Amino acid sequence: MLTTLQTPAVETAPETMDAFAFECDKQKRLHIELTSEGYTVADDPANIEQFIGTVQEVECFCEMWTPRLLCKLFVKGTESLEHSFHLVPLHQLVKWGYVVPQPGTLFKTNFVVGVRRVSDKEYVPALRLPLK
């Protein structure tokens, strides 16, 4: 027997929660796989490695938009470290974060803390949003 759940409009839509939960699970599994293969963290100036596989509200500085509409973001406090940026597609920030970050401004939104391989045996923590 199927039942329909009633949810008030103020709650997060189930498809949004499912997408974030899926991305969290995917990033946790990738992190476990990488560490079991001997990968180590290359750098973590924002101190977010501890949150891999979870959703975190992160305050970011938007430095610029690239010609392909990727936002070059820095976790607040790491702006002076050129290598510490994250590239996040603008359309994902609009769809999942309900924000349109302007270059030169700070903003907060939820990200999945994930991983990105940077060499044969190293990874860095990365700010991720669902791909759906």
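Residues numbered from 1 in each chain as written. Predicted model: local features only at pLDDT ≥ 70, side-chain atom pairs only at ≥ 80, totals over all residues. Heavy atoms only, no water.

J.: Please give an account of the nonpolar core that cites residues and values.
T.: By size, the foremost hydrophobic cluster in this structure holds 26 residues, and its most contacted members are Cys60, Leu73, Leu93, Phe107, Phe111, Leu127 and Leu129. Of all the secondary-structure elements, those providing two or more residues to this core are helix 1 (14–36), strand 2 (55–65), strand 3 (70–75), helix 2 (90–97), strand 5 (105–117) and strand 6 (122–128). In terms of residues, this core owes the most to one element, strand 5, which gives 5 residues. Those residues in contact with Leu73 that sit more than four places away from it in its chain are Cys60, Phe61, Cys62, Ser84, Phe85, His86, Val88, Leu93, Phe107 and Phe111. (Core = buried A, V, L, I, M, F, W, Y, C linked by side-chain atoms within 4.5 Å. Buried < 20%, exposed > 50% of the residue type's maximum accessible area, 1.4 Å probe, protein only. Helix = DSSP H or I, 4+ residues; strand = E, 2+ residues; numbered from the N terminus. Contact = heavy atoms within 4.5 Å.)

J.: Tell me about helix 2, residues and numbers included.
T.: Taken as a whole, helix 2 has its buried residues at Leu90, Gln92, Leu93, Trp96 and Gly97. Here the buried residues of helix 2 occupy an arc of 160 degrees about the axis, which is enough to place them on one side. (Arc of directions from axis to C-beta.)

J.: Would you mind going over the environment of Gly114 in detail, with residue names and values included?
T.: For Gly114, the location among the structural elements is in strand 5. As a C-alpha pair, Gly114 and Cys24 span 90 residues in sequence and 7.6 Å in three-dimensional space.

J.: Before we move on, could you go through the side chain of Gln27 and cite the residues and values that matter?
T.: By secondary structure assignment, the location of Gln27 is in helix 1. A relative accessible area of 4% means that Gln27 is categorised as buried. Setting aside anything within four residues of it in sequence, one finds Gln27 in contact with Ile52, Gly53, Val112, Val113, Gly114, Val115 and Arg128.

J.: Talk me through unusual backbone geometry; I want residue IDs and the actual numbers.
T.: Unlike most non-glycine residues, Asn47 shows phi in positive territory, near 55 degrees. Mapped onto the elements, Asn47 comes out in the loop between strand 1 (40–41) and strand 2. Of note, Tyr98 is a non-glycine position whose phi angle comes to about 55 degrees, a positive value. For Tyr98, the location among the structural elements is in the loop between helix 2 and strand 5.

J.: Lay out the environment of Thr35 with the relevant residues and their values.
T.: As for its position among the elements, Thr35 is in helix 1. C-alpha separation for the pair Thr35 and Glu122, spaced 87 residues apart in sequence, amounts to 9.3 Å. There is a polar contact of 3.1 Å between the side chain of Thr35 and the backbone oxygen of Ile32. (Polar contact = N/O pair within 3.5 Å; in protein donor to acceptor, adjacent residues only side chain to side chain.)

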